[in-house]
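In case you want the letters, here they are:
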Amino acid sequence: RADRLLPALDADEVVAAELTGKHGTVVLEKRGNDWWMTTPLDYPADGTAVRSALQAVVALDATRSLPPGEVDPAELGLDDPEITAALTTGAGEVVELEVGGELPLGSKRAVRKRGEEAIHLCAGAFAAQLDREVDAWRSRDVVEVLEDDLASVEITTAEDRIVAVRSGDVWRLLSPVEDIADQDQMRSLISELNALRIRDFLPADADPAEHGLDAPEYRVVLTHADAAAAVTLELAGVADDAGSVVVRRNGSELFRISDSIRPRLAKAPVLWRSDTVWPVSTWDVATVEISSGDAQVVLERTEDDELGRVWRLEDGSLADDVGVRRRLTALADLEVREHDLVLPPTEVVGSVILVVDDAVGAEGLTYTFYAPIEDGGLAAVTVSTRANVMGVDAVTAETIL
């Protein structure tokens, strides 16, 4: 560290930065763990760009130091610095640097700490990290949300409207039908939205109609569970030759993103409905009650000091762990072959009640199975948490029971 220009400066301790260069002045401040641009725009900053700039300053090495009077500062561009940087730490210390223009033969730059006369020559690559266009400081994230933070997701097209709300740990559809949403579809959508990056920003005076946003093809509204404002994305219907599509965020800001999100948004409404009877996690099941005909068994999951996690019968004896797990896995994977059936006139062939360590409740999750109407047909099943009679594979139902 002997040659470091600022050996005592730690990038993680910097809470504000004012950088002036050929592209104007940018003021950045740290809010919690995130960086925000306050000048010339009030806008989330690209954290990677900010951290790179700070690290470039912290890592500055003086290849040569010139004592006062040895050289004229004007000859090194320090009478009118090309770049100035003022960094403020959380302790209130302010470090200011003046950077001259690029010197011939070696691309070095002269750097002087504000208030000192000594001049230091440094490798000039760091300057590109400090002097960026305004858009290069702006965050490229389209959205930044966690699944747990969302209360609802709404997707609207010219023909369809999909509305899903989060209830506990489960996504439920309100439209086009009231039912359980496909959990994987919802998580994939949120993941893909978070992965989107802004390719380039359109001018503030750009006309939305010229970019097809007078009648957007898709409209996505993400509503937060807390008081945070909802995020609205409107996507134009035509992608350009580079595979980009124009997006309007929150009714005003226009930018281009990759058109990769369109296949997810274009899925037919029926595909947002869960084809899993119920998205239960077998690991969270605490007790199981299986009834079939006149037979009934109740099993409880316990923790044993020697055996670990085991299943026991009501009398305390060990249950067939493999058999229990096989049935639970079959329940978790039970697929819907047909939706919205009429409750059949056939007899109830059995039921399963699960008490789950989550938001289902202490009353448990009840599956009721009905015999197929005809040989080789589907068995009907209802679940206490779902208003839908479903058809499932009869052999799988018999295996569970």
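What counts and what doesn't
- Here the residue index of a chain counts from 1 through its sequence in written order.
- Since the coordinates come from a predicted model, pLDDT governs what is reported: local features require at least 70, and pairs of side-chain atoms require 80 or more to be given and counted, while whole-chain, interface and lining totals use all residues.
- The basis for every side-chain value is the complete set of non-hydrogen atoms in the structure, without hydrogens or water.
- Like charges are joined within 9 Å and nonpolar side chains (Val, Leu, Ile, Met, Phe, Trp, Tyr) within 5 Å, but only among residues with over 30% relative accessible area and no salt bridge; these make up the patches.
- Note that accessible areas follow from Shrake-Rupley with a 1.4 Å probe, and for residues the cover is restricted to the protein chains shown.
- Here, a salt bridge means any side-chain nitrogen of Lys or Arg that lies within 4 Å of a carboxyl oxygen of Asp or Glu.
- Only four residue types enter the tally: Lys and Arg on the positive side, Asp and Glu on the negative side; His and the chain ends are excluded.
- We put the charge of a Lys on NZ, of an Arg on CZ, of an Asp on CG and of a Glu on CD.
- Only DSSP runs of H or I with at least four residues qualify as helices, and only runs of E with at least two residues qualify as strands; both kinds are numbered from the N terminus onward.
- Only protein chains enter the accessibility calculation, which uses a 1.4 Å probe; a residue is then buried when its area is under 20% of its type maximum, exposed when over 50%, and partly exposed in between.
- The aromatic pairing rule takes the rings of Phe, Tyr and Trp, using the six-membered ring of Trp, and pairs them if the centres are within 6.5 Å, calling planes under 30 degrees apart stacked, those over 60 edge-to-face and the rest tilted.
- Think of a polar contact as two N or O atoms within 3.5 Å of one another; within protein, one of them needs to be a possible hydrogen donor and the other a possible acceptor, and neighboring residues in sequence only count if both atoms come from side chains.
- Whether two residues are in contact is decided by their heavy atoms: any pair within 4.5 Å suffices.
- Strands qualify as paired when DSSP identifies two bridges or more between them.

Novice: Quick question: what am I supposed to make of a negative patch on the surface here?
Specialist: A grouping of D10, D12, E13 and E93 is seen on the molecular surface, where their side chains present a negatively charged patch. Position of D10 among the secondary structure elements: in the segment before β1 (14-21). Assessed through its relative accessible area of 34%, D10 is described here as partly exposed.

Novice: Which parts of the structure should I look at to understand the packing of aromatic side chains?
Specialist: The description of an aromatic ring pair uses the distance of the two centres, along with the angle that the planes make with each other. Summed over all chains, the structure comprises three aromatic pairs. Centroid distance F201 to F255: 6.5 Å. Interplanar angle 75°. Geometry classified as edge-to-face. Here F255 lies in strand β18 (residues 253-258) and F201 lies in strand β14 (residues 198-201), a separation of 54 residues in the sequence. Residues F201 and F255 agree in their burial class; the two are buried. A ring pair is formed by Y367 and F369, whose centres lie 6.5 Å apart and whose planes are at 10°; its orientation type is stacked.

Novice: Please explain the side chain of R386 as it appears in this structure.
Specialist: Examined against the element boundaries, R386 turns out to sit in strand β25 (residues 386-392). Under the relative-accessibility criterion, R386 is labelled buried at 5%. At 2.8 Å, the side chain of R386 and the backbone oxygen of T276 are in polar contact. Excluding residues within four positions of it along the chain, R386 makes contact with D179, I180, R273, S274, T276, V277, V336 and H339.

Novice: Can you walk me through the side chain of D182 in this structure?
Specialist: Mapped onto the elements of the fold, D182 is located in the loop between β13 (179-180) and α4 (183-195). Buried and unpaired, D182 has R187 as its nearest opposite-charge partner, separated by 7.2 Å. In terms of polar contacts, D182 uses its side chain to reach the backbone amide nitrogen of D184, at 3.0 Å. Excluding residues that lie within four positions of it along the chain, D182 makes contacts with L271, W272, R273 and S274.

Novice: Is there a simple way to think about the environment of A158 in this case?
Specialist: Summarising the element assignment, A158 is placed in the loop between β10 (150-156) and β11 (161-167). Judged by its relative accessible area of 74%, A158 is exposed. The sequence separation of A158 and A330 amounts to 172 residues, and the corresponding C-alpha distance is 39 Å.

Novice: Help me understand the sheet that holds β1 in this model?
Specialist: Note on sheets: strands pair through backbone hydrogen bonds, and any given pair is parallel or antiparallel. Here nine strands make up an open sheet; going across it, the order is β4-β3-β2-β1-β6-β7-β8-β9-β5 and the pairing antiparallel. A strand with exactly one partner marks an edge of an open sheet, and here the two such strands are β4 (43-44) and β5 (64-66). Bridge analysis of strand β2 (residues 24-31) against strand β3 (residues 34-39) gives five bridges, and the strand direction is antiparallel. Counterpart to K30 in the pairing with β3 is W35.

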